[in-house]
Amino acid sequence: MPYGISQNQSDCSTWATVKQETDGSFTTIGCHANKQDAIDQMVAVSLAENIDPIGEVGNRQMPEMGDESESEDTEEMLDGLADMVEMGLNPRQFAMYEFYEKLAEEFGMFTQGIGANGAHYVAESPFASEGMVCSNCVLFEGGRKCEAVEGDIAPNGICKLWVIREDLLGIEPEEIGMRVEVRQINLSAPAFMRASAKRGIALHEQGLSGDGLVPQTVEDARKMAAGQISEGKWRKIAPWIARHIDDLDAVQGDEITAGLVAMLLWGGGSSKASARRAQAYAERVVERLDSGE
């Protein structure tokens, strides 16, 4: 049966991770000092049993039928948690990763310098022997590029924005109630790519996608919007975005171009930062497919 979190369990005065029983009741499987710890265990046990977590349960106000906003927010939160586990980050690190991405998208890339907008980047990390290098950071895109810092980025460099998995630093990651074994590679579309595909389809249906769009792209986008991406499509996404990301340079303000619509239909979003995020996500999926993890 599925797992969730609750603040209304009689045997737990704080946040509890719960298991839903066949009769609809909830049994406490862990009592935690804060909500995030309860979420961590919910995700861990759900992934270990290859089932979807159900989020917060109990006496909370449930969304009314037809009101999709709250359910979509919950779904996006759960997708984010699955992304966190997939990337091997702890909750604090994942929050930092998403925060740096949003900062770069909102205010532009960090510079390499030491000013207010600088990342304090150095091309040779003094902590390389400890694994603290750009090539281990989740923001590093390969090809000497970073999602958040502009310019040429050396694999052995480092900056103050680093977000590196603990195992790559020689640290034993903290267990979340138990060690999680991900038994299947998650091929479903994350929430941010589904949102891009939905917007792309809406613009396509308004006739804004141009004449060069092939029907298969639209068909794949509809599947992506529904949460489905095939293995073959995952293998195509990163190379396609790499070839077409510069098409976004032609977009001025709120202008809708055929290139923008195409990027949305491929799950890449409307900015270079969001496109790089989708590209990096697809590359990680393909790496896991190839490694058989």
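Throughout this description, residue numbers start from 1 for each chain and increase along the sequence as written. Local features in this predicted model are restricted to residues of pLDDT 70 or higher, and side-chain atom pairs are both shown and tallied only at a pLDDT of 80 or more, whereas totals for entire chains, interfaces and linings draw on every residue. With hydrogens and water excluded, all non-hydrogen atoms of the structure serve as input to the side-chain values.

A. How the structure looks around unusual backbone geometry. Phi angles above zero are rare outside glycine, and His120 is one such case at about 60°. With respect to the helices, strands and loops of the structure, His120 is situated in the loop between helix H3 (91-107) and strand E4 (140-142). Think of it in three bands: residues with accessible area under 20% of the maximum for their type are buried, residues over 50% are exposed, and the middle band is partly exposed, with areas taken using a 1.4 Å probe on protein chains only. The exposure class assigned to His120 is partly exposed, which follows from its relative accessible area of 36%. Counting from the N terminus, the helices are DSSP H or I runs at least four residues long and the strands are E runs at least two residues long.

B. Examining the nonpolar core more closely. By size, the foremost hydrophobic cluster in this structure holds 31 residues, and its most contacted members are Met193, Met224, Ile229, Trp234, Ile237, Ile241 and Met263. Contributing elements (two or more residues each) for this core: helix H4 (191-205), helix H5 (215-225), helix H6 (231-244), helix H7 (258-265) and helix H8 (272-291). Contacts are assigned to residue pairs that have any heavy atoms within 4.5 Å of one another. In this structure, Trp234 is in contact with Leu187, Ser188, Ala189, Pro190, Met193, Ile229, Tyr281, Ala282, Val285 and Val286, ignoring residues within four places of it in sequence. Here, nonpolar core means buried Ala, Val, Leu, Ile, Met, Phe, Trp, Tyr and Cys residues that are tied together by side-chain atoms lying within 4.5 Å of each other. Within the second largest apolar cluster, 26 residues are counted, among which are Leu139, Cys146, Ala148 and Leu161.

C. Representation of the state of the cysteines within the structure. We call a pair of cysteine sulfur atoms a disulfide when they lie within 2.5 Å. Summed over the entire model, instances satisfying the criterion amount to one disulfide. Covalent S-S linkage joins Cys12 and Cys31, the inter-sulfur distance amounting to 1.9 Å. What sets the handedness of the Cys12 and Cys31 disulfide is the S-S torsion sign, and at about 90° it is right-handed. With Cys12 in the loop between strand E1 (3-6) and strand E2 (15-20) and Cys31 in strand E3 (residues 26-32), the pair connects residues that are 19 residues apart, well separated along the chain. With no disulfide of its own, Cys134 lies closest to Cys159 among cysteine sulfurs, the gap being 5.9 Å.

D. The side chain of His32, seen in detail. Along the chain, His32 turns up in strand E3. The exposure class assigned to His32 is buried, which follows from its relative accessible area of 16%. A polar contact of 3.2 Å, which involves the side chain of His32, links it to the side chain of Thr17. Not counting the four nearest positions on each side in its chain, His32 is found in contact with Cys12, Thr14, Trp15, Thr17, Asp37, Ala38 and Gln41. Here a polar contact is recorded for every N or O atom pair within 3.5 Å, except that within protein the pair must consist of a potential hydrogen donor and a potential acceptor, and residues adjacent in sequence are included only if both atoms are side-chain atoms.

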